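Close look at the chain arrangement
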2 protein chains.
Amino acid sequence: MNDLDSPFPTARQRSRERAAKREAVLRAAVRMFNERGFHQTSLDDVAARLGVSKPTIYHYLGNKDQVLLECVKLGLTQLLDAAAASRALPGTGADRLVTFLTRYAEINMDDFGRCVVRTRDEALEPDSRTKFRALKRQIDDQLRGLIADGMADGSLAPGDPKLLGFALAGALNWIGHWHEPTGALAPNDIARQLVTTLARGFLPR
Amino acid sequence: MNDLDSPFPTARQRSRERAAKREAVLRAAVRMFNERGFHQTSLDDVAARLGVSKPTIYHYLGNKDQVLLECVKLGLTQLLDAAAASRALPGTGADRLVTFLTRYAEINMDDFGRCVVRTRDEALEPDSRTKFRALKRQIDDQLRGLIADGMADGSLAPGDPKLLGFALAGALNWIGHWHEPTGALAPNDIARQLVTTLARGFLPR
DNA sequence: TAAAGACTATACTCACGAGTAACTTGTATT
DNA sequence: AATACAAGTTACTCGTGAGTATAGTCTTTA
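No experiment lies behind these values; they were computed from the predicted model shown.

With respect to the interface of chain A and chain B
Between chain A and chain B, the residue contacts involve 33 residues of the former and 32 residues of the latter. Carbon and sulfur atoms supply 58% of the area that chain A and chain B bury against each other, a total of about 2,900 Å² over both sides. At the junction of chain A with chain B, the criterion picks out zero salt bridges. Across the chain A-chain B interface, the total number found is ten residue pairs in polar contact (both at pLDDT 80 or more). Among the secondary structure elements, those contributing two or more residues to the side of chain A that touches chain B are helix 1 (11–36), helix 8 (161–173), helix 9 (175–178) and helix 10 (187–202) of chain A. If you tally residues by element for the side of chain A that touches chain B, the top one is helix 8 of chain A, at eight residues. Split by residue class, the side of chain A that touches chain B holds 16 nonpolar, ten polar and seven charged.

Okay, structure coming up:
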């Protein structure tokens, strides 16, 4: 904790620095994947952007597949956290759902969140693909659970939770394809407006 | 027109056969692109599936980029046709929109339609990418136009046509990612149910 | 019947990019 | 001081897959 300005870093500082570098690699990679696509981005490109050489990336992450897997994991973890947080909230099922959806939309405007929806399963190698799918399924289940809760307590119009889940997820995932980070509106505003629009559809009349 | 069963095909038959072969290449390619992904599918693979060799594909289509471009064009053309047909229909703006959305959903369960939503712009080479984007923008414009019409004649709840367009397009495009052609429900049923769900959101109360 | 053109195959070239070997330098450990 | 490890580098290998050169067959046309 007592960070002296000594040129000799402590073990703690060094491990923190290592983590920061690893993160920087992921951040650079995910930006380029989102801009140019995974297959159009070589690890040489990523390394060049960071001003290092390719083996450096291999030093921090095993291989290209790992890099992508870590990126999507970071996005999916955010979503999972958002789901857990929403479910723990007081209020009606509809309230919790709206909270979750809003956060979901925001995450889709984040680098790692965008990567999740822009990454096709097949881009990953079999093992990673399995993990990726499992995580996505968890999100799906969480969403369906929230919907089912709302329908059960009457705060949501009755219907098929699975179908509604697909519709909502689709509408929000799509953000990751059209949203420009340089746009005029703040992510927060977009999220709110979009969720309000969607809410008209599932709230009872 | 008078197809004799002579072993000597007429010029008309031959050109029809050529078109059929070209189509078969595209059909085989798009199926494999959808299943395994564009980058994971080599033209050798496609050729093998058809029982021919790679140069045969190059004989009918210039290169891999062309193959993909033709596939997405076939999907986009269907969407454009659907938009034109819907706009020509009598009834309220909302009626026309619902018709279009239903057809839109169905197309996303078709081989070529799925290819459209599963294809990232960057997979195409610059020229093709420009064409691809231009076509997609046309669809977007059509959708927004239908929405604006409905809002203007009062058959749709007022709101931001652009945002609603994104929400609807997203919900329906997503079908191309989750729908399994082998599923229990018929595409038609899925389309109808999904659009009904969405319509709850944009019809006036 | 000769020449041209359509269609298909075999067998290449060639670039690209993932991943690695081997080496350098600095820092921590014993 | 010696050794081991961390963090990089340069300079490779090597598989894959897009695209092509060349040749062969069959059909149509002059």
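A few points about the packing of aromatic side chains
The tally for this structure, following the rule as stated, stands at six aromatic pairs over all chains. Ring geometry for F33(A) and F38(A): centres 5.0 Å apart, planes at 70°, overall edge-to-face. Among the residues examined, F38(A) registers a relative accessible area of 13% and is labelled buried. Judged by centre distance (5.6 Å) and plane angle (85°), the rings of F100(B) and Y104(B) are edge-to-face. On the criterion of helical spacing, the pair formed by F100(B) and Y104(B) is a turn pair, its members being four residues apart in helix 5 (residues 93–107). There is no split in this pair, since F100(B) and Y104(B) are both buried. Over the aromatic face of F38(A) sits the side chain of K64(A), whose NZ or CZ is 4.2 Å from the ring centroid. One residue, R144(B), lies across the ring of F166(B), its end atom 5.4 Å from the ring centre.

Some details on the side chain of D111(A)
All names here are of chain A. Locating D111 in the fold gives a position in helix 6 (residues 111–118). Looking at D111, its side chain comes within polar contact range of the side chain of R31, at 2.9 Å. Those residues within four positions of D111 in sequence are excluded, and the remaining contacts are R27, V30, R31 and N34.

Rules behind the numbers
- Residues numbered from 1 in each chain as written.
- Chains lettered and ligands numbered in written order.
- Predicted model: local features only at pLDDT ≥ 70, side-chain atom pairs only at ≥ 80, totals over all residues.
- Heavy atoms only, no water.
- Contact = heavy atoms within 4.5 Å.
- Buried area = accessible area lost by both parts, 1.4 Å probe.
- Salt bridge = Lys/Arg side-chain N within 4 Å of Asp/Glu carboxyl O.
- Polar contact = N/O pair within 3.5 Å; in protein donor to acceptor, adjacent residues only side chain to side chain.
- Helix = DSSP H or I, 4+ residues; strand = E, 2+ residues; numbered from the N terminus.
- Nonpolar A, V, L, I, M, F, W, Y, C, P; charged D, E, K, R; others polar.
- Phe/Tyr/Trp six-rings, centres within 6.5 Å; stacked < 30°, edge-to-face > 60°.
- Buried < 20%, exposed > 50% of the residue type's maximum accessible area, 1.4 Å probe, protein only.
- Lys NZ or Arg CZ within 6 Å of the ring centre and 35° of its normal.

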